[in-house]
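Spelled out from the first residue to the last, the chains are:
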Amino acid sequence: MTAAVLEVENLRMEFRAPRNAGGRRVQAVRDVSLEVQEGEILGLVGETGSGKTTVGKCVVRLLRPTAGSIRFMGEDITAMPSSQLRPLRSRIQMVFQDPYSSLDPRMTVSQIVAEPLRAHGTHSRREAAGLVRRTVERVGLSQQVLDRYPNELSGGQRQRVGLARALVLEPRLLIADEPVSALDVSVRAGILNLLVDLQRTMGFSCLFITHDLSVAEFLCDRVAVMYLGEIVEVGTRDEVFGAARHPYTRSLLGAAPLADPVEQRSRQRAILPGEPPSAIDPPPGCSLNPRCPLADRRCTEEAPGPTQVSEGGHVVRCHRVQEQLDLEVARS
Amino acid sequence: MAELLSVQDLQVRLFDRLGVVVAVRDVSLSVEEGEVVALVGESGCGKSVTALALLRLLPPDAQISGRVTFQGRDLLQLPLKELRAIRGRDIAMVFQEPMTSLNPSFTIGNQIGEVLRLHKGLRGQQARERASELLSLVRIGSPEQRLRAYPHQLSGGMRQRAMIAMALACDPKLLILDEPTTALDVTTQAQILDIVRDLRQRLGMSILLITHDLGVVADLADRVAVMYAGSKVEDAEVHRLFAAPRHPYTAGLLRALPRRGRRAGDAQERLLEIPGLVPVLRDLPDACAFAPRCPRSQDDCSNQHPGLAPCEADHRVACLHPEPIVAGAHP
Amino acid sequence: MTIATLPGAEPTIALTQPSRQGWWRRFRRRPPAVIGLAGVVIVVLVALLAPLLAHYSPTVSQFGQVLRAPLSPGHILGTDELGRDELSRLIYGSQSTLEVGVLATLLAMVVAIPIGIASGYYRGPIDMVAMRITDVVLAFPFLLIAVGLAAIFGPSLQNIIVALGVAQLPGSIRIARAEAMALREQDFVQAAIVTGVRDRVILFRHLFPNMLSPLLVQASVSIPAAILGSALLSYLGLGVQPPTPSWGNMLASAQTYLYNDPWIAIFPGIAIFLTTLSFNLLGDGLRDLFDPSMR
Ligand SMILES: Nc1ncnc2c1ncn2[C@@H]1O[C@H](COP(=O)(O)OP(=O)(O)OP(=O)(O)O)[C@@H](O)[C@H]1O
Ligand SMILES: Nc1ncnc2c1ncn2[C@@H]1O[C@H](COP(=O)(O)OP(=O)(O)OP(=O)(O)O)[C@@H](O)[C@H]1O
Ligand SMILES: [Mg+2]
Ligand SMILES: [Mg+2]
């Protein structure tokens, strides 16, 4: 049994809604519990507005959660004051989606990568310079970029710099928020390979946020699927991509087009109708019920609890799946 | 099948702050009646400019040369007045930015009505009925109500549907879709792709589909043209292109793609990386633009610009040293 | 499935990006901005080189030469009611005029930037207090502040500068605050927070340098405003005190002679007009230059 690096329990995050919504609140994250084990990559997938980034920002404490708890290496950081949090910050790092806004345009690459080292004052100037150089090399950049400014680099190169900044302190946990979404296919491949290599050699754990299922399948050991601020299904890669149970997960898997005309044209697709409701007033009961082909009365009234599908931790929140499972158990 | 649109040696030079941009270099294309042709390539390779050039929608200082024949007439030579009659009626386009191509201060109904009035002379009740018919065509529920909505009251997916509905207003023969699903979620994307597939079957129009998403291409296209740095590098029937790409760039793209079933944990699976950067589209030398990044490049690649040449039936490639033919890969 | 990996670290081809000289090229392409810059440079040079440029002392009267018309021998722009050379007074007047404009703006910036950054970055109570203060300042017309200060401390140059500086505060605080708020949401600042960089360092290293451009634009608007303000104060007798010439007090003392000898009002009027215009043109040019959407 490996230890959990990150444990999130019943996380809830509300924002004040925009003016015209009548003082109600945006329920960006409603009830999220997840664990990231030592050395694992957990994928957090879901569509726009499902609350993935908000979960990530709560974990790195850029946001203070409305409710719930976040534990990092056993320590509760949910409401930790920033002075106490500071030393821990060297162990949790984040990579951002936008390669353009995530680097200070007025700093050189070496200053950017050195910043975490300076912030924690753990290294002498000379050590720091050496470490910066090694880290930049490690992310596949040549030494020549050290004195460049971000606007002299391509999107892929910038994302590597962002990765170097996040990894220079050798964190235990990396939150990667859509780090390849803004990149072209040919550049994306390089970053994904790099992430795999670095994770293997450095052994950090990773919460990898993405809306791209094939990226999640390529990279992640386990995958959690989010819909409207909740995790509706979580399981190992094989369970989620090979034996998904939740209607939403199944629809997502069917909706993502395969880059192969033969397969793509021959497969059965059952795509959910409609669009996700607003996070300001989510529907009562199961959040998927207005769009779900399986929904019955219970689904509109009562929110489903977690149902264990397998011993290994394949969990689904769906009344209908639960009923099916109960039936199967009864039969055997 | 008859050829509906034929583009020959299209060349587009644009001017920006730093000088000339050769955004499109000698691109030839052909779209037959009822055919879906996909134009794919990475960001900045000239896909949108190509489409805009067909309809002469580029800034006035753009230099366009070549021939664009649509139903026997050269669109590049046509007087502007006649071209205007073709735009929107025979050839409709859905632009890349759904947000900026709808006017925020008019309702959807007003905007569709305007097109109907302009090209079909429909007004009042007639126009309203046709407009709501169009919205149902793109599966927008309670269309009468939606006609009264302003663009900002609709979600991204709804706006994209409204755009498509507007493009369909005059039963165009050719529909140009520029990245119709790029800004959308997969579920919404699948819904839109479904609509387009269905429309095409029902209305039999030709579609020029611009996208960078190979999944979308695999889903919809009959034929695929791959662009790189302003040039068309490969052109083939869709199954053929995916099964047996001949240009190293196309092959590289396909292998760089994380796909379902590919897993980093399995047998040291890695994605193929295409090293280097997309070249800047200024003073490109007379050489293969992909050569500096190409694993198959040889000396001669850097001293001549390979033209597009047939390599097999219905398959053309612009490469001096194309990928070997994959045995048994024929669909 | 095994797949070959092409060897290849990321290359280091620099993208063609606007460099520092590109800046100048872009700036040069805006004639109004270039004219503005030229005007500002000329005024500054005149102020610095006043002793070399002026043939007469600005304060010494030549009796018998009172109110000479322009183009009279020895006095190209004529003389004023006390027989002082108008051109020389204009030249020296640029000194105190610019001094007031620049120092008042500088003062406003020095006070406003820390307040604005802190309230934009921390929001919350600090922001509330800062916003209330600017509201209060805005509620008092700056003339009232200036009159008050002058009444209490006497109309010295420092007090004029302080009064005009205080008048500029709300605008500058708001700009600094808006910039800080926008920058705080930028990923690079969020990244610094996540990394554990201290707030102090974030404010100095990330926020401040990145808001210099808009602040420079603000300064180029604020200097001419202060110049106009000081001219206004001169009318009330609270501006730069005679005999030290300033364009404002030249204009003010010309009032009485406006009917018969209008030139002694026209010349300082033109000087003020052209100087403020130059600063404003320069400001617009800078704003365009820094605006990313104009690139
Ligand atoms: N600061 C904020 N104030 C108000 N609402 C917010 C704020 N941040 C996020 N939200 C809302 O919370 C919800 C979840 O947002 P979040 O950014 O976490 O989604 P996401 O899953 O990351 O989506 P995407 O794929 O678009 O990045 C959305 O409805 C969003 O509008
Ligand atoms: N109006 C313009 N003036 C100058 N250059 C332009 C203009 N429009 C586009 N370009 C340049 O022409 C090239 C091709 O642009 P285009 O928009 O066709 O790319 P694209 O393939 O559609 O990319 P994307 O996938 O990002 O939409 C780019 O290098 C772009 O910078
Ligand atoms: Mg997000
Ligand atoms: Mg485009």
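From a predicted model like this one, the values you see are computed outputs, not experimental measurements.

Colleague: Could you clarify how one ought to interpret the interface of chain B and chain A in this entry?
Modeller: By a widely used convention, the size of an interface equals the accessible area lost when the partners come together. Across the contact, 43 residues belong to chain B and 41 residues belong to chain A. Each partner contributes to the roughly 3,700 Å² buried at the junction of chain B and chain A, and carbon and sulfur atoms together form 52% of this total. At the boundary of chain B and chain A, one finds 2 salt bridges. Residue Asp197(A) pairs with Arg270(B) through a salt bridge whose shortest N-O separation is 2.9 Å. Linking chain B to chain A there are 17 residue pairs in polar contact (both at pLDDT 80 or more). Elements supplying a minimum of two residues to the side of chain B that touches chain A: helix 7 (156–168), helix 8 (186–203), helix 9 (214–220), helix 10 (238–243) and helix 11 (248–256) of chain B. Per element, the largest residue contribution to the side of chain B that touches chain A is 7 residues, and it comes from helix 9 of chain B.

Colleague: Please explain the coordination of the magnesium ion (ligand 4) as it appears in this structure.
Modeller: Reference geometry at the metal: tetrahedral coordination by four donors gives ideal angles of 109.5 degrees; octahedral coordination by six donors gives 90 or 180 degrees. Taken together, Ser48(B) (OG) and Gln96(B) (OE1) make up the full set of protein donors to the magnesium ion (ligand 4), lying 1.9 to 2.2 Å away. A residue pair is termed long-range when its members are at least 10 positions apart, and Ser48(B) in helix 1 (residues 47–54) and Gln96(B) in the loop between strand 6 (91–94) and helix 3 (98–101) qualify at 48 residues.

Colleague: Sorry if this is basic, but what is going on with the pairing of strand 6 (residues 92–95) of chain A here?
Modeller: Within a regular strand, the side chains alternate between the two sheet faces. All names here are of chain A. Burial of the side chains of strand 6 extends over both faces: Ile-92 and Met-94 are buried on one face and Gln-93 and Val-95 on the other. Pairing analysis gives 4 bridges linking strand 6 to strand 7 (residues 173–177), with the strands arranged parallel. Looking across to strand 7, one finds that Gln-93 is bridged to Leu-174.

Colleague: Is there a simple way to explain the pattern of salt bridges in this structure?
Modeller: Oppositely charged side chains are able to pair whenever their charged atoms sit close together. Considering all chains together, one arrives at 45 salt bridges over all chains under this definition. Glu301(A) is the partner of Arg297(A) in a salt bridge, and the nearest nitrogen-oxygen pair spans 3.1 Å. Of this pair, Arg297(A) and Glu301(A) are both found in helix 11 (residues 297–301), 4 residues apart, which corresponds to roughly one turn of the helix. We classify Arg297(A) as exposed; its relative accessible area is 63%. For Glu301(A), a relative accessible area of 51% gives the class exposed. Here the salt bridges share partners, and the residues they tie into one network are Arg269(A), Arg139(B), Asp194(B), Arg197(B), Asp198(B), Arg202(B) and Asp219(B).

Colleague: Would you explain the sheet that holds strand 11 (residues 309–312) of chain B in this entry?
Modeller: Strands pair in a sheet through their backbones, by hydrogen bonds, and they do so in one of two ways: parallel or antiparallel. Residues and elements named next belong to chain B. Pairing within the open sheet is mixed, and its 8 strands lie in the order 6-7-8-3-9-10-12-11. Edge strands, defined here as strands with exactly one partner in the open sheet, are strand 6 and strand 11. Across the sheet, the axes of successive neighbouring strands diverge by a mean angle of 20°, strand direction being ignored. Two strands pair when backbone bridges link them, and strand 10 (residues 231–237) and strand 12 (residues 315–317) are joined in this way by 3 bridges, in the antiparallel orientation. What sits directly across from Glu-234, in strand 12, is Val-317. Along the sheet, helix 7 makes contact with strand 6 and strand 7 (174–178), crossing strand 6 at roughly 170°.

Reading the values: the criteria
- Counting starts from 1 at the beginning of each chain's written sequence and moves along it residue by residue.
- The lettering of chains begins at A and the numbering of ligands begins at 1, in the order of writing.
- Local features in this predicted model are restricted to residues whose pLDDT is 70 or higher, and side-chain atom pairs enter the listing and the counts only when it is 80 or higher, whereas totals over whole chains, interfaces and linings include all residues.
- Side-chain metrics in this entry use all non-hydrogen atoms of the structure; hydrogen atoms and water are not considered.
- Contacts are residue-level and defined by heavy atoms, with any inter-residue pair within 4.5 Å sufficient.
- Buried surface area refers to the total accessible area, computed with a probe of radius 1.4 Å, that the two partners give up upon joining, counted for both partners together.
- The salt bridge definition used is simple: a Lys or Arg side-chain nitrogen within 4 Å of an Asp or Glu carboxyl oxygen.
- By the criterion applied in these results, polar contacts are pairs of N or O atoms within 3.5 Å in which, for protein atoms, one can donate a hydrogen and the other can accept it, and in which residues neighboring in sequence qualify only through two side-chain atoms.
- Secondary structure is summarised from DSSP: a helix means a run of H or I of at least four residues, a strand means a run of E of at least two, and numbering begins at the N terminus for each.
- Note: metal donors comprise N, O and S atoms at 2.8 Å or less from the metal (3.2 Å for Na, K and Ca); water molecules are not included, so apparent gaps in a site are possible.
- Burial here depends on accessible area, computed with a 1.4 Å probe over protein chains only, as a share of the maximum for the residue type. Under 20% is buried, over 50% is exposed, and the range in between is partly exposed.
- Note on pairing: DSSP must find at least two bridges between two strands before they are called paired.
- Lines fitted to C-alpha atoms define the axes, with helix axes restricted to the stretch in contact, and inter-axis angles between N-to-C directions lie between 0 and 180 degrees.

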